[in-house]
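Architecture and fold: a report
Here's the letter readout for the chains.
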Amino acid sequence: FEGEVAALGFVGLNLKQDPWKDNLKLRQALEYGIDRKTIADKVFMGTVAPADGLVPANVFGHQSDAMPYKYDADLAKELLDEAGFPEGKGLPAITLTYRTEGPAGGAAQAIQSQLKDIGVMVELEGLQSGVFLERMLAGDLSMFIVSWQADSLTIDTFLYPLFKSDEAQNVFVYMNPDVDKFLDDARAESDLSDRIKLYNEAERKILEDAPVIPVVFYKDVMVYSPRVTKFVHTPLGELALNEITVSDK
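Residues numbered from 1 in each chain as written. Predicted model: local features only at pLDDT ≥ 70, side-chain atom pairs only at ≥ 80, totals over all residues. Heavy atoms only, no water.

Our next topic: the pattern of salt bridges. Side chains that carry opposite charge are capable of pairing whenever their charged atoms lie near each other. Here the structure, examined in full by the defined rule, presents 12 salt bridges. For Glu31, the salt bridge goes to Arg36, with nearest N and O atoms at 3.0 Å. Accessibility expressed as a relative area gives 5% for Arg36, which makes it buried. For Asp185, the salt bridge is made with Lys181, and the minimal N-O distance between the two is 2.6 Å. One end of the pair is Asp185 and the other is Lys181, both in helix H7 (residues 177-188) and 4 residues apart, which spans about a single turn. For Asp185, a relative accessible area of 30% translates into the label partly exposed. If you follow the salt bridges from partner to partner, you end up with Lys164, Asp166 and Asp184 in one network. (Salt bridge = Lys/Arg side-chain N within 4 Å of Asp/Glu carboxyl O. Buried < 20%, exposed > 50% of the residue type's maximum accessible area, 1.4 Å probe, protein only. Helix = DSSP H or I, 4+ residues; strand = E, 2+ residues; numbered from the N terminus.)

Here is the structure:
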């Protein structure tokens with residue numbers, strides 16, 4: 001069985017730290033310099049999908065054209081030049097931190113290799129989960145691989161907690177008054193269609209500002225016995241045990 005779950009794997013950038021602070025061109029260079037499809041196909045062996053935004057496809061309000069960034073090494077190099085680092089000259093090595101548990105290490109190695117191709121040198125730092133979370137929440141990490149899984153199938157879950165300027169989980173220290181207004185107005189809007197439009201506008205603006213680099217949307221891949229005659233997997237990645245049926249033969 002293979003099913004989509006409402007979960008995003010991405011690279012976060014701490015906008016209080018150099019070199020990301022006040023350098024949009026550099027952040028966008030990385031957006032174009034990471035080949036999401038290769039990471040999905042080679043690192044995760046096709047068990048995930050390349051991210052095309054912040055909101056997974058199985059969440060109502062997903063927009064497939066939200067993210068302007070497609071892998072383009074030449075454009076990434078041009079943006080790196082515009083950022084003040086032609087061919088990467090003058091840009092110190094960047095530390096990419098990841099959790100040693102799980103598949104993030106493989107993704108980190110792929111990102112390191114891909115960014116080297118555009119002139120960005122990356123050093124890898126693997127941490128145990130507890131230490132990783134502690135340092136990320138303290139604002140100590142500059143660039144880090146992290147995932148976010150929804151506890152409800154709403155677009156708000158992927159935008160408000162992570163990108164509203166005064167939210168504790170906004171570990172990127174991302175602040176944009178326009179985005180704040182979109183998100184607050186969306187929560188106050190009673191018309192579903194108008195609410196989704198506001199969230200969509202917020203998502204497009206966040207992606208334009210590039211505080212994070214969406215990489216993959218996760219899937220659940222499971223094997224079950226032929227005796228299972230009804231298998232129910234929810235979009236939140238849970239098994240509906242009260243609905244699953246098993247034959248006694």
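Moving on from the coordinates now.
Roughly 230 Å³ of volume is contained in the largest pocket. Lining the largest pocket are 17 residues, with Ala104, Ile145, Val146, Ser147 and Tyr218 positioned closest to its centre. Those elements that place two or more of their residues in the lining of the largest pocket are strand S1 (2-13), helix H4 (104-117), strand S5 (143-149) and strand S6 (212-221). Counted by class, the lining of the largest pocket contains 12 nonpolar, 3 polar and 2 charged residues. (1 Å grid on protein atoms, 1.4 Å probe; cavity = no way out; pocket = protein on both sides within 12 Å on 5 of 7 lines; lining within 4 Å. Points joined across faces, edges and corners; volume = space filled by probe spheres on them. Nonpolar A, V, L, I, M, F, W, Y, C, P; charged D, E, K, R; others polar.)

One pass over the structure, following the stated rule, counts 6 aromatic pairs. Between the aromatic rings of Phe144 and Phe172, the centroid separation amounts to 6.3 Å while the plane-to-plane angle is 10°, which identifies the pairing as stacked. Taken as a pair, Phe144 in strand S5 and Phe172 in the loop between helix H6 (156-163) and H7 lie far apart in primary sequence, 28 residues in all. Neither residue differs from the other here; Phe144 and Phe172 are each classed as buried. Members of the aromatic cluster, each reached through a chain of ring pairs, are Phe10, Phe144, Phe163, Phe172 and Tyr174. (Phe/Tyr/Trp six-rings, centres within 6.5 Å; stacked < 30°, edge-to-face > 60°.)

Let's shift gears to the environment of Leu8. Along the chain, Leu8 turns up in strand S1. A sequence separation of 41 residues divides Leu8 from Ala49, and the C-alpha atoms of the two residues are 9.7 Å apart. Residues within four places of Leu8 in sequence aside, it is in contact with Ala51, Gly53, Leu54, Val146, Ser147, Trp148, Phe158, Pro214, Val216, Phe217 and Tyr218. (Contact = heavy atoms within 4.5 Å.)

Another aspect to go through is the packing of H7 against helix H8 (residues 192-209). Closest axis-to-axis distance for the H7/H8 pair is 8 Å, and the angle between their directions is 160°. Here H7 lies roughly antiparallel to H8, going by the angle between them. Considering the relative orientation of H7 and H8, their crossing is left-handed. Counting all contacts with H7, which are made through Val179, Phe182, Leu183, Asp185, Ala186 and Arg187, the residues of H8 involved are Arg195, Leu198, Tyr199, Glu201, Ala202, Lys205 and Ile206. (Axes fitted to C-alpha atoms, helices over the stretch in contact; angles between N-to-C directions. Parallel < 35°, antiparallel > 145°, perpendicular 65-115°, else oblique. Left-handed = near helix turned anticlockwise from the far one by under 90°.)

Turning to the pairing of strand S3 (residues 94-99), a few remarks are in order. Here S3 runs beside strand S4 (residues 122-127); their pairing, made up of 6 bridges, is parallel. For Thr95, the partnering residue across the bridge sits in S4 and is Glu123. Taken together, S3, H4 and S4 form a β-α-β motif whose crossover is right-handed. Of the strand pairs in this sheet, S3 and S5 are connected by 2 bridges, and their pairing is parallel. Within S5, the position partnered with Leu96 by the bridge is Met143. (Pairing = 2+ DSSP bridges. Right-handed = clockwise from strand over helix to strand, strands pointing away.)

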